[in-house]
Structures are given as C-alpha cells and as structure tokens.
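Chains, contacts and geometry: an overview
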Amino acid sequence: MAIKISIVIPTFNRAALLQKCLDILIIQVFPKTDFEIIVVSDGPDKEAARVVAKSRLACNDLPAIRYDHLPFKKGPAAARNRGWQHARGKLIAFTDDDCIPNIYWLKAIWDSYHEQDEVAFTGKIIVPRPLRPTDYQRNVANLETAEFVTANCFCTRHALEKVNGFDERFSIAWREDSDLEFNLLAHQIPVEYIEKACIIHPVRPSGWGVSLKEQRKSMYNALLYKKHPRLYRAKIQRRPPWHYYATVVSFLVFIASLLLMRYPLLATLALLSWAILSGWFILKRLSGNSHAGNHILEMIITSLCIPFLSVFWRLFGSVKFKIFFL
C-alpha cells in the first residue's frame, strides 16, 4: 500500500512531550495504512527510541512508526532533512515533539491536496495562554500569526527536492522555517493556508530570565537576511532595532564620559537617554502582560540587558555569516 503522508518529528531528550505527540498522531482520522511517522533524534536518544517502540506496540504497527537519529547534534533542520529524505509519502508533514495536532490534521490537508507535484501547505496554530501572560508566553504566542512554521507545515517531496530541503546552517530552532518558506516563494512554489489543519502548541515551562538566552537566536537573523534580504525586510523586520542600538550607544557614551572625566553635560544627556529608552522598553514588555512581582522584577533586569545581548549576537552573526547586518 502506497504511503500518502509521511510525518517527520525532530526530537531530543524530550520523551514525555514526544509521547503525547505520538499518542494523538496514531489516532488521526485518516486511514492508518496511508501514513507513516518518522521520529528523528538530534543525536542518539535512548528514551526517544523507547517511546517510539512503546507507541509501535500500542498501535500494532499501524500507522508505521520509525525511529532514526543523527550521529551527533546538528540541529532540528538537519533532523528534518534526514527524516524527509528517508520518507515514503507523497506529502511530507512536519511538526514538533511539543505539539498536539487535531485528530483531523492529516485529513484536512489531504482533502486540499490535488496531486500537485510542487506545493506546500501550512495550518492554524493555537497557543494556550492566560489572559495576562508572561513576556515569554506572549512571545511564543506569536506563532499564531506566523505565516509559515515547521510546527505545522506540509511539502511535497518534489518541492523539498527543488529547494534542497532545510539549510542546516540554522543549527537551532530559529528561522529555518522562514528560510524554507522564502526558498519556496523564490522557486514560485505555492504555499496554501488550510485553517482546518490545526495544531495546539503549548508553552513549555521556562526558567527565570529565559529572554536573555533567547537573544542568541539573533545571530541567525543575519543568515536569513543574507539569503533573502528583500523578504526579510518585508516579512520579518522592516528596519533594524534602532532603539537597541541607541540604548547601547547612550550607555557607552555615558561610561566613556565618566572615564575621561570630561564633558559632564554629554554624560548627563547620555545617561538620561539610556534611562528613557530603558524605561520605555520595560513598560512595553509589561503592557498587557503579567504584573506579578517576580515577573515585573524579571522584566526590569532583563530589559536592561537585552539591548546589549541582542546587538552583540546580531553583530556576531554579521561576522560569522559575512554580511553587513544591523
């Protein structure tokens, strides 16, 4: 029996999340002989292999579930490439181990697919969150309005072959989906939105100050900009984050003035500029978000650090990928 859809799931050391994802995939309202599930670990992962073996027994090998792993950590883009390159389906579906697809997820896409050789689909993403979310929860919720994310997308094999799949230089989970979308658009491969193809993307628990760690992702914005400058400015960021640069420059001018022990007026103006920009940024991040005491303290401290970290990683990405990028 020919496989219609192959589902590729990258994972690494998240066995409990993977189990929940597989539990819903094996009860999809879609013929069990018509799809397969390929779990690819970003490096050897005994627990992921155990979860796959358990799920295979639970569903009596229908749908077929396979486990594979990369020899060492290379990132989710590389794991997805390994998955789709060994898939048997006409359509390749991508989701993540922390996602919960609707039971009609596959059916919604297949009903919209008309045997085109080159086409891609994306669906709806729901991010449950409280009325007053944390800053991190609100950032994750941006997935709901993203045009194309690998948590919920389908591509024909021909489309993936034409664009050479995922660029494995995106070695963390950031911008590899936008790069794939932009490559599809550059090759005039249509990307269709199917609202009924719905996935729930819960917000995973995060540690205090998670936004500081997130700034490292900015380095990969430089790579995306290098490859697709026009689309990057049109769809990702219309202009550089000048407020970050202004904040950093103001603080450096203040410090330089103090060290030189000259230009007291310049030092005062620089300090005032830094304080105004920092205060505006803190209030912006708190607007509409949780006002719990611990969260407010987190926003104050991290907001003072983020402009410096963001600028550092953006400039680091510029050097790493050899592109002038602000």
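Note: the structure precedes this text.
Now for a description of the structure that goes with this document. Worth saying up front: this structure is predicted, and the values here are computed from it rather than measured.

1. Side note on the pairing of strand 8 (residues 191–200)
- Relative to strand 8, strand 5 (residues 100–101) is paired through two bridges, and the arrangement is antiparallel. The partner of I100 across the bridge, within strand 8, is I200.
- Pairing between strand 6 (residues 120–126) and strand 8: seven bridges, direction parallel. Note on strand 8: the bridge partner recorded for A120 is V191.

2. Remarks on the side chain of S310
- Assignment of secondary structure puts S310 in helix 13 (residues 293–320).
- If near-sequence neighbours (up to four positions away) are discounted, S310 is found in contact with Q215, S218 and Y244.

3. Topic: the pattern of salt bridges
- Evaluation of the coordinates by the stated rule reveals 24 salt bridges.
- Across the pair R14 and D97 runs a salt bridge whose closest N-O atoms are separated by 2.5 Å. A residue pair is termed long-range when its members are at least 10 positions apart, and R14 in the loop between strand 1 (5–11) and helix 1 (15–25) and D97 in the loop between strand 4 (91–94) and strand 5 qualify at 83 residues.
- Take R14: its relative accessible area is 26%, and that puts it in the partly exposed class.
- Residues participating in the shared-partner salt-bridge network are D167, R169, D179 and K227.

Rules and cut-offs
Residues numbered from 1 in each chain as written. Predicted model: local features only at pLDDT ≥ 70, side-chain atom pairs only at ≥ 80, totals over all residues. Heavy atoms only, no water. Pairing = 2+ DSSP bridges. Helix = DSSP H or I, 4+ residues; strand = E, 2+ residues; numbered from the N terminus. Contact = heavy atoms within 4.5 Å. Salt bridge = Lys/Arg side-chain N within 4 Å of Asp/Glu carboxyl O. Buried < 20%, exposed > 50% of the residue type's maximum accessible area, 1.4 Å probe, protein only.

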